[in-house]
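Below are the chains, spelled out letter by letter.
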Protein chains: 2
Amino acid sequence: MQVNNKVREMRQARHITQVKMAEELGITRQTINAIEKGRYNPSLELAFRLLAYFDVPFEQLFYIEEE
Amino acid sequence: MQVNNKVREMRQARHITQVKMAEELGITRQTINAIEKGRYNPSLELAFRLLAYFDVPFEQLFYIEEE
DNA sequence: TATTGGTGTAAAGGTACCTTTACACGTGGA
DNA sequence: TCCACGTGTAAAGGTACCTTTACACCAATA
């Protein structure tokens, strides 16, 4: 069971850079990059902040890649 | 910003013990207890497993307690 | 009384998440 | 060419998540 996300798609659709997004979210660019690249999953708290940032429901940003 | 959950309510509404739930989810009872008591938030992956276990949408199990 | 079931919690160890600092590469514009 | 911008990634350190092992308390029941 693998959690995937659409952070990169959402971000690019809004023409926002990783830098700008990191500043607005108050996290580091490295964290955004790692999440976009699937190196690790965000914490539940950061997940909530991402939902609010993109203003989308949970299911639209995170999904399961079955094994 | 504080993430809260309704794991205990969901579990009790289904008359399931922490022990049984832990076994069925393949995690430890301590983890369930800690999440119910708010000692820490589940990882995103475990959050997904909890949603599937209770068969509820994200918003019904997790919510934000604003500061 | 003794036992069982359900729950609360602590300590120690491993891994995941997130930070700071830093270096690197490609592209586009001055 | 030079520089700025956007992105990728690594290393080290701190905290959060989750495990195993263990002990404890309370309520119900034999």
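What you are looking at is a predicted structure, and each value in this text was computed from that prediction instead of being measured.

Parameters and conventions
Residues numbered from 1 in each chain as written. Chains lettered and ligands numbered in written order. Predicted model: local features only at pLDDT ≥ 70, side-chain atom pairs only at ≥ 80, totals over all residues. Heavy atoms only, no water. Contact = heavy atoms within 4.5 Å. Buried area = accessible area lost by both parts, 1.4 Å probe. Salt bridge = Lys/Arg side-chain N within 4 Å of Asp/Glu carboxyl O. Helix = DSSP H or I, 4+ residues; strand = E, 2+ residues; numbered from the N terminus. Buried < 20%, exposed > 50% of the residue type's maximum accessible area, 1.4 Å probe, protein only. 1 Å grid on protein atoms, 1.4 Å probe; cavity = no way out; pocket = protein on both sides within 12 Å on 5 of 7 lines; lining within 4 Å. Points joined across faces, edges and corners; volume = space filled by probe spheres on them.

J.: In this structure, what is going on with the interface of chain B and chain A? I would like to understand it.
T.: Bring the parts together and some accessible area is lost; that lost area is often taken as the interface size. Opposite the 16 residues of chain B that make contact, chain A presents 16 residues. Each partner contributes to the roughly 1400 Å² buried at the junction of chain B and chain A, and carbon and sulfur atoms together form 83% of this total. Among the residues chain B hides against chain A, the three largest losses belong to Leu44, Phe48 and Phe58 of chain B. Together they make up 49% of the total. At the junction of chain B and chain A, the tally comes to zero salt bridges. Of all the secondary structure elements, the ones that give two or more residues to the side of chain B that touches chain A are α4 (44–54), α5 (58–61) and β2 (62–65) of chain B. Sorting elements by how many residues they give to the side of chain B that touches chain A places α4 of chain B first, with six residues.

J.: Is there a simple way to think about helix α4 (residues 44–54) of chain A in this case?
T.: One full turn of an α-helix is made of 3.6 residues, so residues set three or four places apart face in the same direction. By the burial criterion, the buried members of α4 of chain A are Leu44, Leu46, Ala47, Phe48, Leu50, Leu51 and Phe54 of chain A. Phi turns positive, to about 55 degrees, at aspartate 55 of chain A, one or two residues after α4 of chain A.

J.: Before we go on, may I ask you to explain empty space enclosed by the protein in this structure?
T.: Using a probe with the size of a water molecule, rolled over the atoms, empty space left in the structure can be pinpointed. Residue and element names in this part refer to chain A. Using the criterion set out here, one finds one cavity of 30 Å³ or more in the structure. Taken as a whole, the largest cavity encloses approximately 40 Å³ of empty space. Around the largest cavity, the lining residues are Val7, Met21, Ile27, Ile32, Ile35, Leu46 and Leu50. Listed by contribution, the elements that provide at least two residues to the lining of the largest cavity are α3 (29–36) and α4.

J.: Which parts of the structure should I look at to understand α3 of chain A?
T.: Residue and element names in this part refer to chain A. Along α3, the residues classified as buried are Thr31, Ile32, Ala34, Ile35 and Glu36. Summarising the contacts, the buried residues of α3 are in contact with β1 (2–5), α1 (7–13), α2 (18–25) and α4. Backbone geometry just downstream of α3 places glycine 38 in the positive-phi region, at approximately 75 degrees.

Just geometry here; none of it tells us what the structure is for.
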